[in-house]
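Each chain is listed here by its residues.
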Amino acid sequence: MGLQAYLVLSAVVFCLGLFGVITRRNTIGILLGVELMLNAVNINLVAFGRFRGDLAGLVFPVFAIAITVAEAALGLAIVILLFRVRRTVMADHLDLLRG
Amino acid sequence: MFASFHAIVPMLCVTAAGFAAMVAEAFREKGEPMPIGPLGVVGLIGAAVSTALLWDRHATSFGVVTADNFGLFVTAILIVVGLLSLAISAPTVEREGLPRGEYYALMLFSLAGMMLMATATDLLVIFLALEVLSLAIYVLTGIRRDSQMGAEGAFKYFLLGGFSSAFFLYGIAFVYGLTGSTHLDRVGTLMAAQATSSGPLQILAVGLLLVGFAFKVSAVPFHMWTPDAYEAAPPAVTGFMSTGVKAAAFAAFVRVFLSALEPLIGGWSEIVWVLAAATMILGTVVGVAQTSIKRMLAYSSVAHGGYLLLALVSGNDTAKGAVLFYLLVYAVTNLGAFGIISVLETRDQANDRVTDYAGLWSTHPTLALMMTFFLLSLGGFPPMAGFIAKWYVFAAAIHAGYVWLAIIGVLTSVVSVFFYLRVIVMMYMSAPDADTRTTLPAVPQLAGAAIVISALIILYLGVLPTRVLEWAAASVSGII
C-alpha cells in the first residue's frame, strides 16, 4: 500500500471523529470523537515517518499519544465533575452560560 | 554542557516554583497557613532576572527553544501577567476556600507553558507548550468545584480546546509530511521551495494550523468558548487566561506565520484579513448587547484579538513591534479590570451585572476611578496606553496598504467606546441600589495594590511610551 492509502485512512478517521463531535449529545461520546480525531493524526504522522524513512516521524506520535492520554484523563475528570454538580452528561442540558 | 539550558532558565524557575507549591501543599497540615503564593512570586522574580540576563544573548536550547529578544519580550509580559495574577488571586483563593497549592501550582505550570510557547522554534514543541498551558487552564476554569457554572464552562472550554488541538496537530503532521521537518526555519525554506509542486496539501496544512491558532486567540468564527469560559471561571483566573493565553498564542502565531510561513503570505493573508475583520466587527457588535461585565469584557477581548490579527496581516516589522506593545498594554489593562471585578465579587454573589456597578463612585471612589482608567484604555482613549497601542497597530496596517481593514478597526473601536462608557456612566451618574451599598465587600490590600500598579503602568505607557516602544521595535529584528 502506498502513502496515499494511509493518508486517506487518517482523513476518514479524522472526519468520523469530527462527525461524532458535532452530532453526539452525550458528552462522553463527544470526548470519544475528539480522541478519534487526535489518533487519526497519529496514523498520519506514523505514515509520513515510515515513508520518509525518518525516525523523527515515529517519535512524534509518542509525544502526541502522551498528550492525548492526559487530555482524555482530564476530560473524563471534568465530565465526572459535571455529573456531580449537574446530574447530567447530556450536552444540550448545559445551558447555564448563554448570551 | 549547561550552556544548552540557558534559554529555558525562565521556564525552569517558574516550573520549580510550581513543584514547590505542590510539595508545600502536600506537606501542609490541615488549616496550617503557608505562604504558597509568595513561592510563585519568588519563581517569577527568578524568571525576570534570567530574562534580563538573556536579553540580546540569543541563546538556544536543544535546537528547539530560542530565547531571542522577541520571545524574551513576551516572556517579560508573561512575568508581569503572572505577578499581577498572583496578587489578584490571593483574596479569591481565601474567600472561596480554593485548594491553595493546586491553584498556584496550576497557574505557574500554565505560565511555564506560555513561556515555552513564546520561545519555541519547533512546531512540535509549540504544540506541547500549547497543551501544557491549556490543560492547566481547563482545570483552573473549573476550580470552584461546587459551582455548576464552573463545571459547565470548564467542559465547554476543554471540549473546544481539545477539538482545536486536533486540527493544530493535523496541520503539523502535514507540514512534517511535506517538508520532513518541524523546525520553523527549515519549514519556511522548504515550503517556499516546493510552493508550486504540492499546492493543495500545502493549503491544507496552513489552513489547519490557522484553525488551531484561531481557536486559541478566539478569532471569529472560533470564539464560541470565550464568553462561556470567561464567565464561568473565577474573575482572577479569567484575567490570567484572557491575557496570558493571548500573549503566548499570538507570539507563536507571529513566529509561525510571519517567519516560517512568510513565503506563503499570498496564500494566507486574505484569509487572515477576513478573520480579522469578522473578529473586530462581531466582538464589538455582540459586546454592545451584554448585560454582564464579564461577558462584555469577553467580547471586548475577542475584538482586541481582531486588532492583533490586523497587525499580523500587515506583516511588516512595525506591525510585529506593534503586536508586542499591544499585548503588553492589553495584558495590564485587562488584568486590572478583572482584578476589580474579582474584588467586588462575594462568596455567593458574582456582582458582575452592569447595574451592580451603579454608584460605585460613591461607595468605592478609588475603584471607580481605576475602572474608568482601564475601560478608557480598552476603548483607546488618550492619554491611556490603549490609545498608543491602537494607534501603532492601525498605523502599521495603513503602512502595509490595508486601509480598509484599518478603517474597520477605527470604526469598531468607536462603537466599542459605547459599551465601555455605559459602565462608566453607571458608576458615576446612577445612584446605588439600597442593598448594594452593604453587599459590596471591602477591598483586600494586596489585590488593591495590584490594581493601582496596573493603572499606573497604563498611565505611564500612555504618556511616555517611547522607551517601551523602542524596546518592542528592537525585539523583532532577528526573529526566527
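It should be emphasised that the depicted structure is a prediction, and the values quoted were computed from it without experimental measurement.

Undergrad: Would you mind going over the overall build of chain B in detail, with residue names and values included?
TA: Scanning chain B from N- to C-terminus turns up 20 helices and two strands. Against the globule reference of 23 Å for 480 residues, chain B gives a C-alpha radius of gyration of 21 Å, in line with a compact fold. By residue count, 66% of the 480 residues in chain B fall in the buried class. Taking as baseline every contact in chain B between residues at least 6 positions apart, the subset at least 24 positions apart corresponds to 81%.

Undergrad: Lay out the overall build of chain A in plain terms, naming residues and giving numbers.
TA: Along its length, chain A carries three helices and zero strands. Mapped in sequence order, the helices and strands of chain A form the string α-α-α. Taken over the C-alpha trace, chain A has a radius of gyration of 17 Å; the compact-globule value for 99 residues is 13 Å, which it surpasses by more than 25%. Considering only C-alpha atoms, chain A reaches an extent of 50 × 25 × 25 Å along its principal axes. The buried share among the 99 residues of chain A stands at 42%. Sequence separation of 24 or more characterises 56% of the internal contacts of chain A that already satisfy a separation of 6 or more. Of the side-chain charges in chain A, 8 are positive and 5 negative, and the distance between the mean point of each set is 5 Å.

Undergrad: An account of the environment of Pro-221 of chain B is requested, with residue identities and associated values reported.
TA: Residue placement: Pro-221 of chain B occurs in the loop between helix 8 (199-216) and helix 9 (225-232). Judged by relative accessible area, Pro-221 of chain B falls into the partly exposed class, the value being 47%.

Undergrad: A description of the packing of helix 6 (residues 148-179) of chain B against helix 8 of chain B should follow, citing residues and the corresponding values.
TA: All names here are of chain B. Contact geometry of helix 6 with helix 8 gives a least axis separation of 8 Å together with a crossing angle of 150 degrees. Overall, the two elements helix 6 and helix 8 adopt an arrangement that is roughly antiparallel. Once helix 6 is placed against helix 8, the crossing between them reads as left-handed. Contact residues: Leu-160, Gly-161, Phe-163, Ser-164, Phe-167, Phe-168, Tyr-170, Gly-171, Ile-172, Phe-174, Val-175 and Leu-178 in helix 6; Leu-201, Gln-202, Leu-204, Ala-205, Leu-208, Leu-209, Val-211, Gly-212, Phe-213, Phe-215 and Lys-216 in helix 8. Taken together, the residues of the contact of helix 6 with helix 8 sort by class into 17 nonpolar, five polar and one charged.

Undergrad: Lay out the interface of chain A and chain B in plain terms, naming residues and giving numbers.
TA: Taken together, the contact between chain A and chain B spans 40 residues of the former and 42 residues of the latter. Of all residues in chain A, Phe-60, Glu-71 and Leu-97 of chain A bury the most surface against chain B, accounting for 18% of the area lost on that side. As a salt-bridge pair, Glu-152 of chain B and Arg-86 of chain A come within 2.7 Å of each other at their nearest N and O atoms. At the surface where chain A touches chain B, the tally comes to nine residue pairs in polar contact (both at pLDDT 80 or more). For the side of chain A that touches chain B, the secondary-structure elements that each account for two or more residues are helix 1 (3-23), helix 2 (27-52) and helix 3 (56-86) of chain A.

Undergrad: Could you give me a rundown of a nonpolar patch on the surface, with the residues and numbers involved?
TA: All names here are of chain B. Together, Ile-398, Val-403, Trp-404, Ile-407 and Leu-411 give the surface a local cluster of nonpolar side chains, amounting to about 520 Å² of exposed area. Among the elements that line the nonpolar patch, the one with the most residues is helix 17 (residues 403-429), at four residues. Looking at the element boundaries, Ile-398 is found in helix 16 (residues 385-399).

Undergrad: Provide a residue-level description of the confidence of the model for chain A, including the pertinent values.
TA: Per-residue confidence for chain A averages 90 on the pLDDT scale, and 99% of its residues sit at or above 70. Here helix 3 of chain A stands out as the least confident element of chain A, with mean pLDDT 91; helix 1 of chain A is the most confident, with 94.

Undergrad: An account of the nonpolar core is requested, with residue identities and associated values reported.
TA: Core analysis: the largest hydrophobic core is formed by 213 residues, its most contacted members being Tyr-103, Met-117, Phe-257 and Leu-261 of chain B. With residues near it in sequence (within four places) discarded, Met-117 of chain B still touches Ile-126, Ala-129, Leu-130, Leu-133, Phe-213, Ala-248, Ala-249 and Ala-252 of chain B.

Undergrad: Help me get a handle on the pattern of salt bridges, residues and values and all.
TA: Evaluated as defined, the whole model comprises 16 salt bridges over all chains. A salt bridge links Lys-320 of chain B to Asp-317 of chain B, with the nearest nitrogen and oxygen atoms 3.4 Å apart. Residue Lys-320 of chain B and its partner Asp-317 of chain B are located together in helix 13 (residues 317-344), separated by three residues, close to a single helical turn. In this structure, a network of salt bridges that share partners links the residues Arg-86 of chain A together with Glu-152, Lys-156, Asp-228, Glu-231 and Arg-295 of chain B.

The rules we used
- Residues numbered from 1 in each chain as written.
- Chains lettered and ligands numbered in written order.
- Predicted model: local features only at pLDDT ≥ 70, side-chain atom pairs only at ≥ 80, totals over all residues.
- Heavy atoms only, no water.
- Helix = DSSP H or I, 4+ residues; strand = E, 2+ residues; numbered from the N terminus.
- Rg over C-alpha atoms; globule rule 2.2 N^0.38 Å.
- Buried < 20%, exposed > 50% of the residue type's maximum accessible area, 1.4 Å probe, protein only.
- Contact = heavy atoms within 4.5 Å.
- Lys, Arg positive; Asp, Glu negative; His and termini not counted.
- Charge placed at Lys NZ, Arg CZ, Asp CG, Glu CD.
- Axes fitted to C-alpha atoms, helices over the stretch in contact; angles between N-to-C directions.
- Parallel < 35°, antiparallel > 145°, perpendicular 65-115°, else oblique.
- Left-handed = near helix turned anticlockwise from the far one by under 90°.
- Nonpolar A, V, L, I, M, F, W, Y, C, P; charged D, E, K, R; others polar.
- Buried area = accessible area lost by both parts, 1.4 Å probe.
- Salt bridge = Lys/Arg side-chain N within 4 Å of Asp/Glu carboxyl O.
- Polar contact = N/O pair within 3.5 Å; in protein donor to acceptor, adjacent residues only side chain to side chain.
- Patch = residues over 30% accessible without salt bridge, like charges linked within 9 Å, V, L, I, M, F, W, Y side chains within 5 Å.
- Areas by Shrake-Rupley, 256 points an atom, 1.4 Å probe, with all protein chains shown as cover.
- pLDDT = per-residue confidence, 0-100.
- Core = buried A, V, L, I, M, F, W, Y, C linked by side-chain atoms within 4.5 Å.

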